[in-house]
Amino acid sequence: MTSFEKKIYSFCLANGLFENCTGVVLAVSGGPDSMAMLRFFIKNKSLFSFPFLCATVDHSIRKEGREEAAAVEEYCKRNGVVFEGLKVDIPNTCPKNVSTETYSREVRYSFFDSLREKYGFSHIATAHTSDDNAETVLMNIIRGTALSGLCGIPPLRDDLVARPLLCCEKKELIDYCEKEKVGFFTDKTNSE
């Protein structure tokens, strides 16, 4: 285990992210953060006493989405990981007066929850980073948050959505992917 992997593992233990876990749905988009998370679990599966699978959603918002989902599926096949994919036409099914971002998140989590039920898994893991956490706090301050908004993203939600990478910066995850020779995609809409 590399020192970087030890950092993630220690963060998981210190925050009790996977206590009493029966299995984890890894939410993987194909970006560097989620591909690093997937690689971490593949390389260190002997440290965890639970199974995991990879779940990817193609929202049909960007033409690259299909290619990215296919690449994630292929990576899972090469590494013996169960893959579950969903293709949904967000632009044409999004209700009026609902942002596509909000609707996309609802569709994703509904899919992840259905997989938890199908496989009898207790947890979902997302690849939020310390950069995402800082951004959330800043946005909450701009919106005029109460003190609770200054806390940012919790490592573990009450509904057992875990964020094992909150201790990592995006740059560290990109470096990890490069060292591990893990391909990833960059979604240009994220920078908007």
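Residues numbered from 1 in each chain as written. Predicted model: local features only at pLDDT ≥ 70, side-chain atom pairs only at ≥ 80, totals over all residues. Heavy atoms only, no water.

## Notes on the packing of aromatic side chains
Okay, step 1: Scanning the entire structure with this criterion turns up 13 aromatic pairs.
Okay, step 2: Taken together, a centroid distance of 5.6 Å and an interplanar angle of 75 degrees make the contact between Tyr 9 and Phe 48 edge-to-face. Highlighted residues: Tyr 9 in helix H1 (residues 3–14) and Phe 48 in the loop between helix H2 (32–43) and strand S2 (52–58), separated in sequence by 39 residues. The exposure classification of Tyr 9 matches that of Phe 48, with both residues buried.
Okay, step 3: In textbook terms, an aromatic cluster arises when at least three aromatic residues are bridged by ring pairs, as seen for Tyr 9, Phe 18, Phe 40, Phe 41, Phe 48, Phe 50 and Phe 52.
Okay, step 4: Across the ring face of Tyr 109, the terminal group of Arg 157 is positioned such that the distance to the ring centre comes to 5.2 Å. (Phe/Tyr/Trp six-rings, centres within 6.5 Å; stacked < 30°, edge-to-face > 60°. Helix = DSSP H or I, 4+ residues; strand = E, 2+ residues; numbered from the N terminus. Buried < 20%, exposed > 50% of the residue type's maximum accessible area, 1.4 Å probe, protein only. Lys NZ or Arg CZ within 6 Å of the ring centre and 35° of its normal.)

## Describing helix H7 (residues 170–180)
Okay, step 1: Within H7 the residues assigned to the buried category are Leu 173, Tyr 176, Cys 177 and Glu 180. Down the axis of H7, the smallest arc covering the buried residues is 100 degrees, so these residues share one side. For H7, the exposed residues set more than 90 degrees away from the buried face come down to Lys 171 and Lys 179.
Okay, step 2: In this fold, the buried residues of H7 make contact with H1 and H2. (Arc of directions from axis to C-beta. Contact = heavy atoms within 4.5 Å.)

## Description of the pattern of salt bridges
Okay, step 1: What the rule picks out here adds up to 12 salt bridges.
Okay, step 2: For the salt bridge of Arg 116 with Asp 113, the shortest nitrogen-to-oxygen distance reads 2.6 Å. Pair noted here: Arg 116 and Asp 113 are both in helix H5 (residues 100–119), with a separation of 3 residues, about one helical turn.
Okay, step 3: Given a relative accessible area of 12%, Arg 116 falls into the buried group.
Okay, step 4: On the accessibility criterion, Asp 113 (35% relative accessible area) is partly exposed.
Okay, step 5: Between Arg 157 and Asp 159 there is a salt bridge, with its nearest N and O atoms 2.7 Å apart.
Okay, step 6: Exposure remark for Arg 157: the relative accessible area of 26% places this residue in the partly exposed category.
Okay, step 7: Within this structure, Glu 5, Arg 39, Lys 43 and Glu 180 form a network of salt bridges that share partners. (Salt bridge = Lys/Arg side-chain N within 4 Å of Asp/Glu carboxyl O.)

## Considerations on the packing of H2 against H7
Okay, step 1: Where H2 contacts H7, the axes come no closer than 9 Å and their chain directions differ by 55 degrees. As far as their axial angle goes, H7 and H2 are oblique. Here H2 runs over H7; the crossing is left-handed. Where H2 approaches H7, its residues Pro 32, Asp 33, Met 35, Ala 36, Arg 39, Phe 40 and Lys 43 are matched on the opposing element by Lys 170, Leu 173, Ile 174, Tyr 176, Cys 177 and Glu 180.
Okay, step 2: The residue inventory of the contact of H2 with H7, partitioned by class, reads 8 nonpolar, no polar and 5 charged. (Axes fitted to C-alpha atoms, helices over the stretch in contact; angles between N-to-C directions. Parallel < 35°, antiparallel > 145°, perpendicular 65-115°, else oblique. Left-handed = near helix turned anticlockwise from the far one by under 90°. Nonpolar A, V, L, I, M, F, W, Y, C, P; charged D, E, K, R; others polar.)

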